[in-house]
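Single-letter residue listing:
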Amino acid sequence: MDTIKGFSKLSKEEKMQWVASQFAEDAPAVVEEWRTFWHPTAAQQQVLDGFSENTLTNFPIPFGVAPNFVINGQNYAVPMVIEESSVVAAASYAAKVWMSRGGFHASVVDTVKIGQVHLLWEGASSQLFEHFEAIKQQMTTDAKAITERMEARGGGVLSIELLDKTEDESNYYQLKVSFETCDSMGANFINSVLESFGKTLISYADLHFEAHLSIIMAILSNYTPDCLVKAWVECPVEDLIGICRELEGKAFAQKFYTAIRIAEIDPFRATTHNKGIYNGIDAVVLATANDFRAIEACGHTYASRDGQYRSLSHCTITDDIFRFELEVPMAVGTVGGLTKLHPLARRSLELLGNPSAKELMQIIASVGLAQNFAAVKSLITTGIQQGHMKMHLHNILQHFNAKNGEVEATFKHFEDRVVSFNAVRNFLEARRTSIQ
């Protein structure tokens, strides 16, 4: 690969030509293929190009929907963006199961978000704390131009704490700032306020202190343990009869409970278990143009909050009542960012009835719980591969360039057989040979 200067200044066409020339034998064909993934409307493509840098083309991921989600008594068809087979099908299955058993219930615990100003102070700790009330007042005043619109919507800065962290690092102190950002995720708002606070700290120190104060960084934290949502399903154990052919209601409930308990105590199982939860959560987060990376990083930190990585979902059976629940931190927005700029994200929110951030939190958590329920149900009965590989059969057939007649014959052949890559290849080769 050649080096290049000024790549970002090239036109989109020039970028494509240069990149394709670096790896493709037929560079014009590669460039033409990239063009086929452009949005057919130039204006929409311009919007998409603006989301990132050095854009060549778009990378499509399926946009699906899981219908029949009854959440707090309201029916939703939930948009899901994901490339993995069986995820949307599993969520839809769980939605159908619980639709007749009371549906999903969800509630928001709190919506507090955290930001930090990390600083070094070379003076006496007592001096910094003695001046802190005056510093807080000055920071609040200086940031007023940034905070007043958020305050008018009911949000803003909730609290400012000064933390002495010198036991961990010499001269290290921290401002821990709590925020309410209403229906926006609030990252830009939080970071702007924190940077303003940092500037005020420097100015105040220059005027009042002889010792040196320096700002290391001012940035929000994606760990938001006080921005929490809960989702749960529950029903009498006897109402679980009919969920699967393999186990009757009581046996199913007990085996399901044990599977969840294993994920609570074994980090190896918990990691895969929680990944399944985020199959559902991430798909809705992506569909609504929220930040799945921040949300997932926060959830994994929360799963480790007692020093061991554990399941985010929990199960109880008390007085013959089966209850399955999920508690997860989640900072999302329904205004600002890409939620209005991305055309499909805008449609996703419309499909969900233009929810508030709190309502969206509840929808996303319910889908995560549904995904987890369906996955665990498969694991303790037929095994995860039966359903997953049946869904994956489409991809395998595409790999072998199967034609219409071959697709139908293959699906019929594997109705009661185990699907694998080799098994499908052998079947297609035998069928093609017999036809010749």
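Structure's up top.
Visitor: Give a detailed account of the pattern of salt bridges, specifying residues and quantitative values.
Guide: Throughout the structure, instances matching the rule amount to 13 salt bridges. A salt bridge links R35 to E32; the nearest nitrogen and oxygen atoms lie 3.1 Å apart. Linking R35 with E32, this pair stays in helix α2 (residues 27-35), spanning 3 residues, or about one helical turn. Judged by its relative accessible area of 27%, R35 falls in the partly exposed class.

Visitor: Tell me what's going on with the side chain of S221, and back it up with residues and numbers.
Guide: Along the polypeptide, S221 turns up in strand β7 (residues 213-221). A polar contact is formed between the side chain of S221 and the backbone nitrogen of Y223, at a distance of 3.0 Å. Not counting the four nearest positions on each side in its chain, S221 is found in contact with I114, G115 and Q116.

Visitor: Describe in detail the sheet that holds strand β6 (residues 172-180), supporting the description with residues and values.
Guide: Strand order in the open sheet formed by 4 strands is β5-β6-β4-β7, with antiparallel pairing between adjacent strands. If you trace the sheet from one side to the other, it starts and ends with β5 (156-164) and β7, each paired once. Adjacent strand axes in the sheet meet at a mean angle of 20° when their direction is disregarded. In this sheet, β6 lies alongside β5 in antiparallel orientation, the contact comprising 8 bridges.

Visitor: An account of the packing of aromatic side chains is requested, with residue identities and associated values reported.
Guide: In total, this model carries 14 aromatic pairs according to the counting rule given. Pairing F256 with F322 gives two aromatic rings, centres 5.5 Å apart and planes at 75°, and the pair type is edge-to-face. Highlighted residues: F256 in helix α9 (residues 249-265) and F322 in strand β10 (residues 321-329), separated in sequence by 66 residues. The rings of W98, F252, F256, F322, F324 and F373 are connected pair by pair, giving a single aromatic cluster. Over the face of the ring belonging to F7 we find K15, whose NZ or CZ atom lies 6.0 Å from the ring centre.

Visitor: Could you give an account of empty space enclosed by the protein, naming the residues involved and the relevant values?
Guide: Rolling a probe over the atoms, with the probe sized like a water molecule, indicates the empty space that remains. Inspection of every chain in the model, using the stated rule, returns 2 cavities of 30 Å³ or more. As a volume, the largest cavity reaches approximately 40 Å³. For the largest cavity, the full set of lining residues is T111, K113, E180, T181, C182, C227, M330, A331, V332, A357 and M361. When grouped by side-chain class, the residues that make up the lining of the largest cavity number 7 nonpolar, 2 polar and 2 charged. Each pocket or cavity is described by its volume, and for the second largest cavity that value is around 30 Å³. As for the second largest cavity, its lining consists of M185, N222, T224, A294, I295, C298 and A331. Residue composition of the lining of the second largest cavity, grouped by class: 5 nonpolar, 2 polar and no charged.

Definitions and cut-offs
- Residues numbered from 1 in each chain as written.
- Predicted model: local features only at pLDDT ≥ 70, side-chain atom pairs only at ≥ 80, totals over all residues.
- Heavy atoms only, no water.
- Salt bridge = Lys/Arg side-chain N within 4 Å of Asp/Glu carboxyl O.
- Helix = DSSP H or I, 4+ residues; strand = E, 2+ residues; numbered from the N terminus.
- Buried < 20%, exposed > 50% of the residue type's maximum accessible area, 1.4 Å probe, protein only.
- Polar contact = N/O pair within 3.5 Å; in protein donor to acceptor, adjacent residues only side chain to side chain.
- Contact = heavy atoms within 4.5 Å.
- Pairing = 2+ DSSP bridges.
- Axes fitted to C-alpha atoms, helices over the stretch in contact; angles between N-to-C directions.
- Phe/Tyr/Trp six-rings, centres within 6.5 Å; stacked < 30°, edge-to-face > 60°.
- Lys NZ or Arg CZ within 6 Å of the ring centre and 35° of its normal.
- 1 Å grid on protein atoms, 1.4 Å probe; cavity = no way out; pocket = protein on both sides within 12 Å on 5 of 7 lines; lining within 4 Å.
- Points joined across faces, edges and corners; volume = space filled by probe spheres on them.
- Nonpolar A, V, L, I, M, F, W, Y, C, P; charged D, E, K, R; others polar.

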